[in-house]
Amino acid sequence: MELHILEHRLRVASIAKESIQLFTYGLIKLAFLSSKTRGRKTPSLCPLPRVHLSAWAFPSQTTGIANASSGAFPRLGDFVALFRTRNGDVNSAARTLLVFPAWCKFFSLTETPEDYTIIVDEEGFLELPSSEHLSVADATWLALNVVSGGGGFSGSQPIGVTKIAKSVIAPLADQNISVFMLSTYQTDFILVRERDLPFVMHTLAAEFTILRVVNGETVAADDLGITNGFVKPKLVQRPVIHPLSSPSNMFCVTSLDPDTLPTVATLLMDVMFYSNGVKDSVVGNEDSGHIRFFSFSLIEGYISLVMDVQTQQRFPNNLLFTSASGELWKMVRIGGQPLGFDECGIVAQISEPLAAADIPAYYISTFKFDHALVPEENINGVVNALQVSQAEKH
């Protein structure tokens, strides 16, 4: 198999939920502007002047600090109305958003009950304003992708974190290398700190042909000379055992054709940025066992969505891709306190027992906690297996 080191230099950040309105302008650009760039250039048309969108995105400019802090920022309908005056309908409004020149090629936003986690390349990171409400991990990260049978991640079937537990996740944990995981509909990305790359390559070289993506082309990583001066890290003991919980939501992992994104752009904006002020009548609140979790990724033109079934029902049935079986997933949340970025082996703690039981899983790390998604019919067995594994490590 091949291990590809993607060319994106990534930043990982957290936005406080009560302050999301301060970042909506940049996040909308990152989420909706580069979907049409896969394999072709986006025409540079004339967008709505920035001042209009800025007035919507920053509530203090229109409603005052007091109202902004209480969540009374302009409704999505107010934002759409701005575009209607210029374009005539909602779809035209969405298309107006999509004609900015594209630059960001790796963007992921995940909402949890605690915060919004952003993973974005350095070019896209410049769109986020400096703020006390934005916490940024103090490292640059690189994305690794396991590819079987050649080709890029877009053409491979999802491998699943459990399928790379023994070949990637566990060896890196044993060598004291921290990882940050992002599973998508298309594939799995293993994020490592850029400074750890020589250790990563040394650890995995026996298992993989390691290639690096440079200007869209794959080249042998050895040609870059990045292993010079390598010092093998010391083997470390596996990490502290973290508590597990399983919310009652059922989730789907899906995608959509980027060409159809304008059709649901306003709905996606509502789901992504206005959930704090909306209570779903079916779900109720988190006291009932449901949690708020929504993940959107736009990576090299490919879209991935993770949402619960109540949110899925808001989307047109014919737009979302699903598996033939319509498989649903249950979540295992890892962590009682924020996990941080320095502890090693957290992903291995979950993926190894699942791999031993041959249970597939998606895995999404966020700024404070980790999340594994397993087939709903396996959830009780998964929780039991993980708890037994944890007990054996004490």
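Residues numbered from 1 in each chain as written. Predicted model: local features only at pLDDT ≥ 70, side-chain atom pairs only at ≥ 80, totals over all residues. Heavy atoms only, no water.

1. Thoughts on the pattern of salt bridges
In plain terms, the rule: For salt bridges, the criterion is a side-chain nitrogen of Lys or Arg within 4 Å of an Asp or Glu carboxyl oxygen. Helix and strand assignments come from DSSP, with helices taken as H or I runs of at least 4 residues and strands as E runs of at least 2, each series counted from the N terminus. Three exposure classes are used, based on accessible area relative to the maximum for each residue type with a 1.4 Å probe and protein chains only: buried under 20%, partly exposed in between, and exposed over 50%.
Taken as a whole and assessed by the stated rule, the structure comprises eight salt bridges. The closest approach of N and O atoms between Arg292 and Glu111, which form a salt bridge, is 2.9 Å. A residue pair is termed long-range when its members are at least 10 positions apart, and Arg292 in the loop between helix H9 (261–273) and strand E12 (294–299) and Glu111 in strand E2 (residues 106–111) qualify at 181 residues. Neither residue differs from the other here; Arg292 and Glu111 are each classed as buried. Between Arg314 and Asp270 there is a salt bridge, and its shortest N-O distance comes to 2.5 Å. Placement of the pair is Arg314 in the loop between helix H10 (309–312) and strand E14 (320–321) and Asp270 in helix H9, with a sequence separation of 44 residues. A residue is classified by how much of its surface remains accessible, and Arg314, at 40% relative accessible area, is partly exposed. Sharing partners across several salt bridges, the network here consists of Arg9, Glu122 and Glu194.

2. Some details on the packing of aromatic side chains
Put simply, the test is: Put simply, two rings from Phe, Tyr or Trp (the six-membered ring, in Trp's case) pair if the centres are within 6.5 Å, and we call them stacked under 30 degrees between planes, edge-to-face over 60, tilted for the rest.
On inspection of all chains with the given rule, the structure shows six aromatic pairs. Centroid distance Phe106 to Phe189: 5.4 Å. Interplanar angle 70°. Geometry classified as edge-to-face. With Phe106 in strand E2 and Phe189 in strand E7 (residues 188–193), the pair connects residues that are 83 residues apart, well separated along the chain. Judged by its relative accessible area of 0%, Phe106 is buried. Since its relative accessible area comes to 0%, Phe189 is described here as buried. Geometrically, the ring pair formed by Phe251 and Phe293 is edge-to-face, given 5.9 Å between the ring centres and 85° between the ring planes.

3. As for the nonpolar core
Condition: To qualify as a nonpolar core, a set must consist of buried Ala, Val, Leu, Ile, Met, Phe, Trp, Tyr and Cys residues joined through side-chain atoms within 4.5 Å. In what follows, a contact means two residues having at least one pair of non-hydrogen atoms within 4.5 Å.
If you look at the biggest cluster of nonpolar residues, it comprises 41 residues, and the most contacted ones within it are Leu27, Phe107, Leu268 and Phe296. Broken down by secondary-structure element, the contributors of at least two residues to this core are strand E1 (2–16), helix H1 (24–32), E2, strand E3 (115–121), strand E11 (251–256), H9, E12 and strand E13 (302–308). Beyond its immediate sequence surroundings of up to four residues, Phe296 is in contact with Ala31, Phe107, Ser108, Leu109, Leu268, Met272, Ile303, Ser304 and Leu305. Ranked by size, the runner-up nonpolar core spans 39 residues in total, among them Ile169, Ile190, Ile210 and Ile379.

4. As for the confidence of the model for the protein chain
Going by this rule: For every residue, the pLDDT score states the predictor's confidence, bounded by 0 at the bottom and 100 at the top.
On average, residues of the protein chain carry a pLDDT of 77, and 70% of them reach 70 or more. Here helix H3 (residues 65–69) stands out as the element of the protein chain with the lowest mean pLDDT, 33, in contrast to E3, whose mean of 97 is the highest. Within the model, the stretch residues 81–88 combines pLDDT values under 50 with 15 contacts to residues more than four positions away or in other chains. Throughout residues 223–230 the model reports pLDDT below 50, and contacts reaching past four residues in sequence, or to other chains, amount to ten contacts.

5. Here we look at the pairing of strand E15 (residues 329–334)
Selection criterion: Pairing between strands requires that DSSP locate at least two bridges from one strand to the other.
Most of E15 is tucked away, with six of its six residues classed as buried. Alternating residues of E15 divide into Trp329, Met331 and Arg333 and Lys330, Val332 and Ile334, and every residue in both groups is buried. The pairing of strand E10 (residues 244–245) with E15 spans two bridges and is antiparallel. Its bridge partner lying in E15, Ser245 is registered against Arg333. Pairing analysis gives six bridges linking E15 to strand E17 (residues 370–375), with the strands arranged antiparallel.

6. Some points on the packing of H1 against H9
Condition: To get an axis, fit a line to the C-alpha atoms, keeping to the stretch in contact for a helix; angles then go from 0 to 180 degrees between the N-to-C directions. Between 65 and 115 degrees an angle is taken as roughly perpendicular, under 35 as roughly parallel, over 145 as roughly antiparallel, and anywhere else as oblique. Put simply, a crossing is left-handed when the front helix is turned counterclockwise from the back one by less than a right angle, and right-handed when it is turned clockwise. In this classification, the charged set is Asp, Glu, Lys and Arg, the nonpolar set is Ala, Val, Leu, Ile, Met, Phe, Trp, Tyr, Cys and Pro, and all remaining amino acids, among them Gly, are polar.
Running from N to C, H1 and H9 cross one another at 140°; their axes reach a closest spacing of 11 Å. As judged from the angle between their axes, H1 and H9 are oblique. Considering the relative orientation of H1 and H9, their crossing is right-handed. Between H1 and H9, the contacting residues are Thr24, Leu27, Ile28, Ala31 and Phe32 on the first element and Leu261, Ala265, Leu268, Met269, Met272 and Phe273 on the second. Counted by class, the contact of H1 with H9 contains ten nonpolar, one polar and no charged residues.

7. Focus on the side chain of Ser167
The topology assignment puts Ser167 in helix H7 (residues 165–174). On the basis of relative accessible area, Ser167 is assigned to the buried category, the value being 10%. What Ser167 contacts, discounting residues up to four positions off in sequence, is Leu204, Glu207 and Phe208.

8. Overview of the pairing of strand E6 (residues 179–183)
For E6, a buried count of five out of five residues is recorded, marking the element as mostly surrounded by other parts of the structure. Burial of the side chains of E6 extends over both faces: Val179, Met181 and Ser183 are buried on one face and Phe180 and Leu182 on the other. Across five bridges, E6 lies against E7 in antiparallel orientation. Looking at the pairing, Met181 lines up with Ile190 of E7.

9. Looking at H7
With eight of ten residues buried, H7 lies mostly within the body of the structure. Of the residues making up H7, those classed as buried are Ala165, Ser167, Val168, Ile169, Ala170, Pro171, Leu172 and Ala173. Summarising the contacts, the buried residues of H7 are in contact with strand E5 (141–147), E6, E7, helix H8 (197–204) and helix H11 (346–356). Asn176 sits one or two residues past H7 and shows a positive phi near 65°.

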